[in-house]
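Listed here are the chains, written in short residue letters.
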Amino acid sequence: MLDHSKEPGTEGLENRQKEQADVSAQLGEADTWKDQLKTLVRQNKLAAFSAVILILFLLAAVFAPIVAPYDHLKQSLTDRLQDPSLAHWLGTDELGRDVLSRVIFGARVSLTIGLVPTLISMAIGTVLGLCAGFYGGKTDFVIMRLADVMLAFPSLLLAMVVMYTMGGGLINIFIALSLVNWAGTARIVRSQTLSLKEKEFVEAARSIGVRQWTIMFRHILPNCLPSLIVLFTLNIPSAILSEASLSFLGIGAQPPSASWGLMAVRGKKYLFSEPWLSIAPSVAIMIVVMAFNFLGDGLRDVLDPYLKEQ
Amino acid sequence: MRESIVLDIKDLKSHFFTAKGVAPAVDGVSIQVPAGKIIGVVGESGCGKSMTAMSVMGLLRYPGRVVGGTITLDGRDITHLSAKELSKVRGNEISMIFQEPMTSLNPVYPVGKQVREAILLHQKVSKAEAKERVVEIFRAVGIPEPEKRYYNYPHQLSGGLRQRVMIGMAMVCRPKVMIADEPTTALDVTIEAQILRLMKKLCEEQGTSIILITHNMGVVAEVCDYVYVMYAGKVMEQAETFELFDHTSHPYTRGLLNSIPRLDEKARRLHTIEGVVPNLLHLPEGCSFCTRCSEAKKRCFVERPDLYQVGEEHKVRCFQYEGEA
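Quick summary incoming for the structure in this document.

### Things to note about the overall build of chain A
- On a plain count of helices and strands, chain A comes out with 13 helices and zero strands.
- Ordered by position from the N terminus, the helices and strands of chain A form the series α-α-α-α-α-α-α-α-α-α-α-α-α.
- Buried residues in chain A amount to 47% of all 310 residues.
- Carbon and sulfur atoms make up 67% of the accessible area of chain A, which amounts to about 16,000 Å² in all.

Take a look at the structure:
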């Protein structure tokens, strides 16, 4: 049997523990979010560049009244359909409005529509996915069948139905896009919850008496965050594209609002004579969408290194 | 062993309801845990040790369910508590340490915060006070530089340190009973000894009883006061540790003890018990060990033996001892 007072050799043991701790501390320093950011910049230049582009777009959107050379709503029929010049870098549209200013103000609409419905739909999807994965059984069945229906239905068609019945306008676009996009998030969160809830740390949390809701939101959800962040950056461009499509079909943003989709469709008539009217907003959409996609890919590589090796 | 009993498990039955039938993972287990003692539960893999622990903690999950028996903790029946009442008991009066220190801590929170959670859940103290208590318990379980370790994430700690954190988490509310489910299986042998010593020390200082689940007879001999040998969901033999090693009675226990390599004997090969634990869905009609028992008689295949008293604190589930004592 052991002597429990003060064993010989305890000092050696403590020294070893100290050593151990030092090593782990050294290892430990290399893992803050700053370092992850550095890894991102170092490993994936394209993602870092995309992030810069997106920040520029975001700044342009926020400070649009300062950045834009003209008022984006001010019509001037004498200046209509001008070619690009020093005064109007991207020319003017059929009502004599400066296209560059309209593209800059359009960033407001597009980025808002990219961010807000994505946030709402992902919040809905996360909560539903957590519940489905955590509770299982009937809850899971009902939520996932609902998600299946949503995914089986063409989302643009559903958004169109919503827009037709409720009318155009920004708020209704939010609602329409939030409604159609939650299912993908719910599926991913559910599958992660299913594997996470079997982990021993969840069992351990239960064994110290943590309640179910706390386990769901404090212990399981943060472990889903890496995928959610990636999913977020990949969902934004699809929301922007959906808005552009809806506006193009005439049921999204309504004139005179400067939405990129709307501008593209209005320029359609002049595609052969004044192509910049459509091309300018289209290129803006393309840059933003591609930047978000590259950023999402880069983030995924940093947050989930195993995926990259495969 | 007439001390006060903190945890009294009586005739506990936990069954798993699978598509192929009902598997009695825990089949009428009775364990008495006296205050401040270490109880060993030994057996092969899949013999119901962990399921007994999960049943006691109320952590058994679908398709498993406690179907019979009572669990009394400090005079209070906790078998049929609601989820809410149970979460007040768990962590506060009874707690658990798991096998895998690598995965039993949440990777996204600093370890100190996780231990603090246990305090904040059960006691009305301020966060700062709780943090002090965490640092205190970290020091008690032998974590060097506890203030610094408080902010470390699980991946920054070694397996031994993580298991110390887990023990700290289980002990921080001074529970009456702590269940340790193979706490040292994933650790190397030198750390194993440290952890066992630490648990025994804490047990003596705080008066906490420990149920130590293990398949290692050496561990049992080192720290346990009383041993239950389990096989296929049943207790096969129970005795005080010295009694068990001196007067090993059940053929299964003998088999387990013979399987330990010995320094004083020349043996080319380790002794084994032939066969595997029977499928719980197709248990033999008689004694559940009969198919592997070298001393099985005809009767063993048709009748189920009871636990027979062979000594003051010694019971054996084998017909050989029927009518003794």
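Having seen the model, we can carry on.
### Some thoughts on the overall build of chain B
- On a plain count of helices and strands, chain B comes out with 10 helices and 12 strands.
- The globule rule puts the C-alpha radius of gyration for 325 residues at 20 Å, and the 20 Å found for chain B is close to it.
- Viewed in the frame of its principal axes, chain B has a C-alpha envelope of about 65 × 50 × 40 Å.
- Each of the 325 residues in chain B was classed as buried or not, and the buried ones make up 55%.
- Of the contacts formed within chain B by residues at least 6 apart in sequence, a portion of 63% connects residues at least 24 apart.

### Overview of the sheet that holds strand 6 (residues 94-97) of chain B
Residue and element names in this part refer to chain B.
- Ordered in space as 6-7-8-3-9-10-12-11, the eight strands form an open sheet in which the pairing is mixed. Two strands lie at the open edges of the sheet, namely strand 6 and strand 11 (308-311), each paired on one side alone. Here the strands of the sheet are splayed against their neighbours by 20° on average, with no regard to which way each runs.
- Pairing geometry for strand 9 (residues 226-231) and strand 10 (residues 234-240), over six bridges, is antiparallel. Among the inter-strand pairings, Y231 is bridged to a residue of strand 10, identified as K234.

### Points about the environment of B:Y231
All names here are of chain B.
- Mapped onto the secondary structure, Y231 falls in strand 9.
- With 120 residues separating them along the chain, Y231 and V111 place their C-alpha atoms 36 Å apart.
- Apart from the residues lying within four places of it in its own chain, the contact partners of Y231 are E44, C47, M236, Y252, V276, V277, P278, S288, F289 and R292.

### Description of the pairing of strand 1 (residues 5-18) of chain B
All names here are of chain B.
- Of the pairings in the sheet, the one linking strand 1 to strand 2 (residues 21-34) comprises 11 bridges and is antiparallel in character. Across the sheet, the residue bridging to S14 is V26, located in strand 2.
- Where strand 1 hands over to strand 2, the hairpin turn is made up of two residues, counted between the paired strands.

### Details of the side chain of A:S278
Residues and elements named next belong to chain A.
- As for its position among the elements, S278 is in helix 12 (residues 276-303).
- With a relative accessible area of 7%, S278 lands in the buried category.
- Setting aside residues no more than four positions away along its own chain, S278 makes contact with A264, G267, K268 and L271.

### Observations concerning the packing of aromatic side chains
Residues and elements named next belong to chain B.
- Within the structure shown, the criterion is met by nine aromatic pairs over all chains.
- With a centroid separation of 5.0 Å and an interplanar angle of 65°, the aromatic rings of Y252 and F289 are classed as edge-to-face. Pair noted here: Y252 is in helix 10 (residues 251-258) and F289 is in the loop between helix 10 and strand 11, with a separation of 37 residues, a long-range link. By the burial criterion, Y252 is buried, and F289 matches it.
- In textbook terms, an aromatic cluster arises when at least three aromatic residues are bridged by ring pairs, as seen for Y231, Y252 and F289.

### Some thoughts on the sheet that holds strand 4 (residues 64-73) of chain B
Residues and elements named next belong to chain B.
- Spatial ordering of the open sheet is given by 2-1-4-5, a layout of four strands whose pairing is antiparallel. Every other strand in the sheet has two partners, leaving strand 2 and strand 5 (76-77) as the edge strands with one partner each.
- For strand 1 and strand 4, the ladder comprises eight bridges, and the chain directions are antiparallel. Bridging across to strand 4, H15 finds its partner in R65.

### Side note on the nonpolar core
- In terms of nonpolar packing, the biggest core is built from 130 residues, with B:L7, B:I94, B:I167, B:I179 and B:L212 touching the most fellow members.
- Excluding residues within four positions of it along the chain, B:L7 makes contact with B:I31, B:Q32, B:V33, B:V56, B:I71, B:T72, B:L73, B:I94, B:V177 and B:I211.
- Core analysis: the next-biggest nonpolar cluster, separate from the first, contains 26 residues, A:A244, A:L277, A:A280 and A:I285 among them.

### What to know about helix 7 (residues 155-166) of chain A
Residue and element names in this part refer to chain A.
- Between its terminal C-alpha atoms helix 7 stretches 16 Å, which fits the 16 Å expected from 12 residues at 1.5 Å a residue.
- For helix 7, the complete set of buried residues consists of L158, A159, M160, V162 and M163.
- On the buried face of helix 7, the contacting elements are helix 6 (137-152), helix 8 (170-196) and helix 10 (212-248).
- Downstream of helix 7 by a residue or two, G167 has a phi angle that is positive, lying close to 90°.

### Thoughts on a nonpolar patch on the surface
Residue and element names in this part refer to chain A.
- Taken together, the side chains of V52, I55, L56, L58, L59, V62, F63, I66, V67 and L115 present a nonpolar region at the surface, about 910 Å² in accessible area.
- Of all the secondary structure elements, the ones that give two or more residues to the nonpolar patch are helix 3 (45-62) and helix 4 (64-67).
- Ranked by residues supplied to the nonpolar patch, first place goes to helix 3 with six residues.
- Tracing the sequence through the fold places F63 in the loop between helix 3 and helix 4.
- For F63, a relative accessible area of 41% puts it in the partly exposed group.

Parameters at a glance
Residues numbered from 1 in each chain as written. Chains lettered and ligands numbered in written order. Predicted model: local features only at pLDDT ≥ 70, side-chain atom pairs only at ≥ 80, totals over all residues. Heavy atoms only, no water. Helix = DSSP H or I, 4+ residues; strand = E, 2+ residues; numbered from the N terminus. Buried < 20%, exposed > 50% of the residue type's maximum accessible area, 1.4 Å probe, protein only. Areas by Shrake-Rupley, 256 points an atom, 1.4 Å probe, with all protein chains shown as cover. Rg over C-alpha atoms; globule rule 2.2 N^0.38 Å. Contact = heavy atoms within 4.5 Å. Pairing = 2+ DSSP bridges. Axes fitted to C-alpha atoms, helices over the stretch in contact; angles between N-to-C directions. Phe/Tyr/Trp six-rings, centres within 6.5 Å; stacked < 30°, edge-to-face > 60°. Core = buried A, V, L, I, M, F, W, Y, C linked by side-chain atoms within 4.5 Å. Expected span 1.5 Å × (residues − 1). Patch = residues over 30% accessible without salt bridge, like charges linked within 9 Å, V, L, I, M, F, W, Y side chains within 5 Å. Salt bridge = Lys/Arg side-chain N within 4 Å of Asp/Glu carboxyl O.

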